[in-house]
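Secondary and tertiary structure notes
Spelled out from the first residue to the last, the chains are:
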Amino acid sequence: MAKRLAVVDVERCVDCLLCAQACARRFGEGGLARSAIAVRSAGGVERGFVVVVCRACDDPPCLHACPVGAIEKGPVGVRVVLDRCIGCKACVAACTIGAVRWDEGGGKPVICVHCGLCARFCPYGVLALEEVEGG
Ligand code: SF4
Ligand code: SF4
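Residues numbered from 1 in each chain as written. Chains lettered and ligands numbered in written order. Predicted model: local features only at pLDDT ≥ 70, side-chain atom pairs only at ≥ 80, totals over all residues. Heavy atoms only, no water.

If you check an unreviewed UniProt entry, the protein chain appears there as 4Fe-4S ferredoxin-type domain-containing protein from Bipolaricaulis sibiricus.

With that settled, the discussion passes to the overall build of the protein chain. Counting secondary structure elements, the protein chain contains 4 helices and 8 strands. Counting from the amino terminus, the protein chain carries its helices and strands in the arrangement β-α-β-β-α-β-β-α-β-β-α-β. For 135 residues, the compact-globule estimate of 2.2 N^0.38 gives 14 Å, and the protein chain sits close to it at 15 Å. In terms of overall dimensions, the protein chain has C-alpha extents of about 40 × 35 × 30 Å along its principal axes. Counting only residues that meet the buried cut, the protein chain has 39% of its 135 residues in that class. Counting only contacts in the protein chain whose residues sit at least 6 apart along the sequence, the fraction spanning at least 24 positions is 56%. Total accessible area on the protein chain stands at roughly 7600 Å², and carbon and sulfur atoms take up 52% of it. On the protein chain, the mean spot of the 16 positive side-chain charges and the mean spot of the 14 negative ones are 4 Å from each other. (Helix = DSSP H or I, 4+ residues; strand = E, 2+ residues; numbered from the N terminus. Rg over C-alpha atoms; globule rule 2.2 N^0.38 Å. Buried < 20%, exposed > 50% of the residue type's maximum accessible area, 1.4 Å probe, protein only. Contact = heavy atoms within 4.5 Å. Areas by Shrake-Rupley, 256 points an atom, 1.4 Å probe, with all protein chains shown as cover. Lys, Arg positive; Asp, Glu negative; His and termini not counted. Charge placed at Lys NZ, Arg CZ, Asp CG, Glu CD.)

Before going further, it helps to spend a moment on the site of ligand 2. Neighbouring ligand 2 are 14 residues, the closest being Cys 66, Cys 85, Cys 88, Lys 89 and Cys 91. For the shell around ligand 2, the residue count by class is 12 nonpolar, 1 polar and 1 charged. (Near = heavy atom within 4 Å. Nonpolar A, V, L, I, M, F, W, Y, C, P; charged D, E, K, R; others polar.)

What follows deals with the pattern of salt bridges. Applying the stated criterion to the full structure yields 4 salt bridges. Its salt-bridge partner being Arg 34, residue Asp 103 comes within 3.9 Å of it at the nearest N-O pair. Linking Asp 103 in strand 6 (residues 101-103) with Arg 34 in the loop between helix 1 (18-24) and strand 2 (38-41), this pair joins segments that are 69 residues apart in sequence. Of the residues examined, Arg 34 reaches a relative accessible area of 24% and is grouped as partly exposed. (Salt bridge = Lys/Arg side-chain N within 4 Å of Asp/Glu carboxyl O.)

With relative accessibility at 10%, the residue Asp 103 sits in the buried group. Among the polar contacts made by the side chain of Asp 103, one reaches the main-chain amide nitrogen of Gly 106 at a distance of 3.1 Å. If we ignore the near neighbours within four places in the chain, the residues touching Asp 103 are Ala 33, Arg 34, Lys 108 and Val 110. (Polar contact = N/O pair within 3.5 Å; in protein donor to acceptor, adjacent residues only side chain to side chain.)

Right, let's get into the environment of Val 52. By secondary structure assignment, the location of Val 52 is in strand 3 (residues 49-52). Its relative accessible area of 10% is what places Val 52 among the buried residues.

Pasting the structure below:
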C-alpha cells in the first residue's frame, strides 16, 4: 500500500534539522541546499516550530501550474522531470503551503517524494509514514 509522509507530532520538534540533513544526504551531500523538508519557527521559540513538507495533494496545484508539464503525479505526491523544467518557479508560487523548495545551484524545484528517510532519522517521533487510503 502507498505511504505518505505525515507530520504526526509537531509539538515534539526541537528544530534539530536532522530530518532535513537526512533528506539532503540522499544526494550524498551535506548542508540543506537540496533538502525537500524544512523547519521554521512558528513565531518565537515558545510557540514551537512548523515542519514544511509536501502533503501529496490529490489534485496538485504545483502540477497544474507548470507550463511545460515538468511535474507529474507519482505513486504518492508528485515527481519533477528535471530535463523538462525551465526554472520558471511557477510551482513554487502555486503550492499553498510553501512546500516546493528551490535548488539555487541547479535552478530547479525540489519536492518531497514521500520516501520516509527523514522520518527514520527524526529522534523525536515528529514524522512518520502513514498509509494512504485507497493507495
Ligand atoms: S508540493 Fe505543494 S502543491 Fe505540490 S503536491 Fe505537494 S503540497 Fe501539493
Ligand atoms: S520551475 Fe520547472 S517544474 Fe516548476 S513550474 Fe516552472 S517549469 Fe514547471
